[in-house]
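Coordinate inspection notes
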Amino acid sequence: VGHCHPDIVKAAHEQNQLLNTNSRYLHDNLVDYAERLSKTLPEKLCVFYFLNSGSEANDLALRLARQYTKHEDVIVLDHAYHGHLTSLIDISPYKFRNLEGQKEWVHVAPVPDTYRGLYREDHEDSVTAYANEVKNIIEQAHKRGRKIAAFFVESLPSVGGQIIPPAGYFQKVAEHIHKAGGVFIADEIQVGFGRVGKHFWAFQLQGEDFIPDIVTMGKPIGNGHPIACVAATKEIAEAFAATGVEYFNTFGGNPVSCAIGLAVLDVIEKEHLQAHATEVGNFLIKLLKEQKIKHPIIGDVR
């Protein structure tokens, strides 16, 4: 919402003057913020875990998926990056290819890129073709006695080249993943909070009938302040709680972070930033497409 936005600075300052404590001490801000955030998401995603960074959020999402499914393996897209913790380097081809390589429990699916990928715009059904690649990975894994815990994906693969997956791809992949007893995790750390303009969350570009099982958030959630979140279904949260090992995060969801989170949502709403993103995005795309017609060197505009 902009560098040193006065509303964000004010919210942080005012809460800092009152109380900032670790989250073993209950505070209304936590509940108020969870409630407010829930209004932006499908009803099914109703349990919130607050953390300090996108990497923490993705690591917790991995734990939730494994606890719920009792499976270990993860399918990711090629070139993906999901964070800097050891667990996330392991599911980030962008990183592990230059480090220790691919772990046995990680499976890499091709990016659903209809411009430069395996199946392009001229393919009769690129959506099904790309989803079938995931289905094949599942089948091969099962033959080796492995079980899939999750399909972990950025709603718009960013490091991979700002790819916009063809509509319907997530639905088809989710079908295969659920059939295999896994869950669908949408990483919204780079692309959430109205940045895509048309919708508040980038996964919504796939259509109203698509809802992930887990959504992770970071970066824009606190306008530069360290706050992150995992939203999950009640079933997944209950399976996680059933271990008897409570989830605790010292500063995740502290009063100052939640005050900032609330202020960010206020500013997005008050300043119509989502509509602004749509307007500016459409304006730029239109002009860039004109350049594309003019200059053969420009292959695609995203």
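Everything below is about the structure shown above.
These numbers were taken from a predicted model, which means no experiment stands behind them.

Further remarks concern the pattern of salt bridges. On inspection of all chains with the given rule, the structure shows 15 salt bridges. The shortest N-O distance in the salt bridge between Asp-300 and Arg-302 comes to 2.6 Å. In this structure, a network of salt bridges that share partners links the residues Glu-72, Asp-73, Glu-104 and Arg-146.

On to the nonpolar core, then. Residues Tyr-33, Phe-151, Tyr-169, Phe-193 and Met-217 are the most contacted members of the largest nonpolar core, which totals 55 residues. Ranked by the residues each element gives to this core, the list is headed by helix H9 (residues 255–270), at nine residues. Setting aside its immediate chain neighbours within four residues, Phe-193 contacts Tyr-33, Leu-37, Phe-200, Trp-201, Met-217, Pro-220, Ile-221, Leu-265 and Ile-268. Counting residues in each nonpolar core, the second largest holds 26 residues, with Leu-60, Ile-185, Val-230 and Ala-237 among its members.

The next subject is the layout of surface pockets. As a volume, the largest pocket reaches approximately 990 Å³. Every residue lining the largest pocket is counted, 30 residues in all, and those nearest its centre are Leu-156, Ile-164, Ile-285, Val-301 and Arg-302. Of the voids in this model, the second largest pocket is the one considered here, and its volume is about 290 Å³. In terms of lining, the second largest pocket is formed by Ser-23, Leu-30, Val-31, Ala-34, Phe-48, Tyr-49, Phe-50, Tyr-247, Phe-248, Asn-249 and Gly-252. Those elements that provide at least two residues to the lining of the second largest pocket are helix H2 (28–38) and strand S1 (45–51). Among the residues forming the lining of the second largest pocket, the class breakdown is eight nonpolar, three polar and no charged.

This part is about the sheet that holds strand S4 (residues 148–154). One open sheet accounts for seven strands, arranged S1-S7-S6-S5-S4-S2-S3; its pairing is mixed. The sheet terminates laterally at S1 and strand S3 (106–109), the two strands that pair on one side only. Direction aside, the axes of adjacent strands within the sheet are offset by 20 degrees on average. Of the pairings in the sheet, the one linking strand S2 (residues 73–77) to S3 comprises four bridges and is parallel in character. Considered in S3, the bridge of Ile-75 is made with His-107. Against the sheet, helix H8 (residues 234–241) contacts S1, strand S5 (183–187), strand S6 (214–217) and strand S7 (228–233), and its axis sits at roughly 100 degrees relative to S7.

A few words on the packing of aromatic side chains. Under the criterion given, the structure shown has 15 aromatic pairs. Ring geometry for Tyr-49 versus Phe-240: centroids 6.0 Å apart, planes at 85 degrees, classification edge-to-face. Residue Tyr-49 is found in strand S1, and its partner Phe-240 is found in helix H8; the two are separated by 191 residues along the sequence. Between the aromatic rings of Tyr-49 and Tyr-247, the centroid separation amounts to 5.9 Å while the plane-to-plane angle is 85 degrees, which identifies the pairing as edge-to-face. One end of the pair, Tyr-49, is in strand S1; the other, Tyr-247, is in the loop between H8 and H9, with 198 residues separating them in the sequence. Judged by its relative accessible area of 25%, Tyr-247 is partly exposed. What links up through ring pairs into an aromatic cluster is the set Phe-151, Tyr-169, Phe-170, Phe-184, Phe-203 and Phe-210. Above the face of the Phe-248 ring, Arg-24 is positioned so that its terminal group lies 3.9 Å from the ring centre. It is Arg-66 that lies over the ring of Trp-105; its NZ or CZ is 4.4 Å from the centre.

In this structure, Gln-67 sits in helix H3 (residues 54–69). It is 40 Å that separates the C-alpha atoms of Gln-67 and Gly-281, two residues lying 214 residues apart in sequence. In contact with Gln-67, other than residues within four places in its own chain, are Ala-239, Phe-240 and Thr-243.

Enumeration according to the criterion identifies one cavity of 30 Å³ or more in this entry. Contributing to the lining of the largest cavity are Ser-23, Tyr-25, Leu-26, His-27, Leu-30, Gly-253 and Pro-255. Per-class residue counts for the lining of the largest cavity are four nonpolar, three polar and no charged.

Cut-offs applied
Residues numbered from 1 in each chain as written. Predicted model: local features only at pLDDT ≥ 70, side-chain atom pairs only at ≥ 80, totals over all residues. Heavy atoms only, no water. Salt bridge = Lys/Arg side-chain N within 4 Å of Asp/Glu carboxyl O. Core = buried A, V, L, I, M, F, W, Y, C linked by side-chain atoms within 4.5 Å. Buried < 20%, exposed > 50% of the residue type's maximum accessible area, 1.4 Å probe, protein only. Helix = DSSP H or I, 4+ residues; strand = E, 2+ residues; numbered from the N terminus. Contact = heavy atoms within 4.5 Å. 1 Å grid on protein atoms, 1.4 Å probe; cavity = no way out; pocket = protein on both sides within 12 Å on 5 of 7 lines; lining within 4 Å. Points joined across faces, edges and corners; volume = space filled by probe spheres on them. Nonpolar A, V, L, I, M, F, W, Y, C, P; charged D, E, K, R; others polar. Pairing = 2+ DSSP bridges. Axes fitted to C-alpha atoms, helices over the stretch in contact; angles between N-to-C directions. Phe/Tyr/Trp six-rings, centres within 6.5 Å; stacked < 30°, edge-to-face > 60°. Lys NZ or Arg CZ within 6 Å of the ring centre and 35° of its normal.

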